[in-house]
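The residues making up each chain are set out below.
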Amino acid sequence: MTAPLQRSTRHKRVAWTAEHQQRAEDLRAQVLSYQAIGEALGFSHSMIIYRLEPAAAEKNREACRRYQASKPKAEPKPRRPRRGWGEEDQRRSEELRAQGATYHAIGDALGRDGSTIRRRLIPKAAESMRERIRRWRGENPESAREACRHWRNANPEKARANSTRWHRENPSKARDNNRRRKSLIRAGRKASLVPLTLQQKGERFAMFGDRCAYCGSRPKAPLTVDHVLALSKGGLDEAANVIPACGRCNKSKNDSPVEAWFRRQPFFTEARWKLIRRHAPAAAGGQPSLALAAATAQQGGRP
């Protein structure tokens, strides 16, 4: 005889795991109903059906798609303009909350979102949200960097203003970043067989017509030197690893793999990518210079 099933809370908001799948299949092999399996695992019977019957899950998804397609598209809700939160806003929101107003009602009165009011009045809610954001960034570093790049590309003026404000408010961190950057350049020049010179820099820029190698623009500000294989990833400060880039592309790329980053950009073209590969083949492939690799191998082979 099998042990009686232990009932648990239904509709529990937990993720479906491989253990749940194995347990559900074992219980189904014992000819238990979907309802009984759901009560045992803490899920609704419809969830059990969709997990054990792929055809039923696909049928439900198709029904949802048809339903969404039949609904009239609602006009997007206009976003409220972002503005600073002052002492008057805090005082007014606390007064309205003391009168029993809801967060959304307070937000409508102050021209804010209800979630913003809640975070301003409940410090734990704000800290909880920041903790979730920090945890998500730690678990998804590449997605977090891509989201930041997308926002900077969509809001260049705000990005520059934020950068200027951050450097003004954090002078010590800005100096540390500058020292770290210079240290990487010195290390790249020291490891390079032929360090980059001003003449080589001009020649490399001329190869691309004094335009950004990525977007093809000729910015008003001077072009910057971009290391195709980032210095922090083992790249060298030599001609074979240097191409011209506008400040926007250089900051957006940062230390990302060049091909993966470049192909995600709306201005990507195969012609410019072939030009980059032709002038920096090893760096574009994520490898150090071939000359350095050969010299290192030769030095390692010496008695």
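Residues numbered from 1 in each chain as written. Predicted model: local features only at pLDDT ≥ 70, side-chain atom pairs only at ≥ 80, totals over all residues. Heavy atoms only, no water.

So, about the packing of aromatic side chains. Summed over the entire model, instances satisfying the criterion amount to 8 aromatic pairs. Centre to centre, the rings of Phe262 and Phe267 are 6.3 Å apart; their planes meet at 45 degrees, and the pair counts as tilted. Judged by relative accessible area, which is 0%, Phe262 ranks as buried. One residue, Arg28, lies across the ring of Tyr34, its end atom 4.1 Å from the ring centre. The residue whose ring lies beneath Arg97 is Tyr103, and the NZ or CZ to ring-centre distance is 4.1 Å. (Phe/Tyr/Trp six-rings, centres within 6.5 Å; stacked < 30°, edge-to-face > 60°. Buried < 20%, exposed > 50% of the residue type's maximum accessible area, 1.4 Å probe, protein only. Lys NZ or Arg CZ within 6 Å of the ring centre and 35° of its normal.)

Once that is clear, we can look at helix 15 (residues 270-279). Taken together, the buried positions of helix 15 are occupied by Trp273, Ile276 and His279. Taken end-on, helix 15 shows its buried residues confined to a sector of 135 degrees, consistent with a single buried face. Opposite the buried face of helix 15, by more than 90 degrees, sit the exposed residues Ala271, Lys274 and Arg278. (Helix = DSSP H or I, 4+ residues; strand = E, 2+ residues; numbered from the N terminus. Arc of directions from axis to C-beta.)

It should be kept in mind that the predicted coordinates are not to be read in detail where pLDDT is low. Looking at the protein, pLDDT values average 81 and 86% of them are 70 or higher. Note on residues 1-10: pLDDT is under 50 here. Beyond four places in sequence and across chains, it has 17 contacts. This model gives residues 290-303 a pLDDT under 50, and the stretch forms 6 contacts once residues within four places in sequence are excluded. (pLDDT = per-residue confidence, 0-100. Contact = heavy atoms within 4.5 Å.)

Before going further, it helps to spend a moment on the packing of helix 10 (residues 156-169) against helix 11 (residues 171-191). Two numbers describe how helix 10 lies on helix 11: the axes approach to 5 Å, and their chain directions differ by 105 degrees. Compared by their axis directions, helix 10 and helix 11 come out roughly perpendicular. In this structure, helix 10 uses Trp166, His167, Arg168 and Glu169 to contact helix 11, whose residues at the interface are Pro171, Lys173, Ala174 and Asn177. Residue composition of the contact of helix 10 with helix 11, by class: 3 nonpolar, 2 polar and 3 charged. (Axes fitted to C-alpha atoms, helices over the stretch in contact; angles between N-to-C directions. Parallel < 35°, antiparallel > 145°, perpendicular 65-115°, else oblique. Nonpolar A, V, L, I, M, F, W, Y, C, P; charged D, E, K, R; others polar.)

Attention shifts here to the state of the cysteines. Counted by the stated rule, this structure contains 0 disulfides. The structure places no disulfide on Cys215, whose sulfur is separated from the nearest cysteine sulfur, that of Cys212, by 3.6 Å. Overall, Cys215 belongs to the partly exposed group, its relative accessible area being 21%. (Disulfide = S-S within 2.5 Å.)

Further remarks concern unusual backbone geometry. With phi around 65 degrees, Val31 is a residue other than glycine that occupies positive phi space. Here Val31 shows up in the loop between helix 1 (18-29) and helix 2 (34-41). Val31 gets classed as exposed once you look at its relative accessible area, which sits at 74%. A positive phi angle is found at Asp210, which is not glycine, with a value near 55 degrees. Inspection of the secondary structure puts Asp210 in the loop between helix 12 (198-207) and strand 1 (224-227). The exposure class assigned to Asp210 is partly exposed, which follows from its relative accessible area of 39%.

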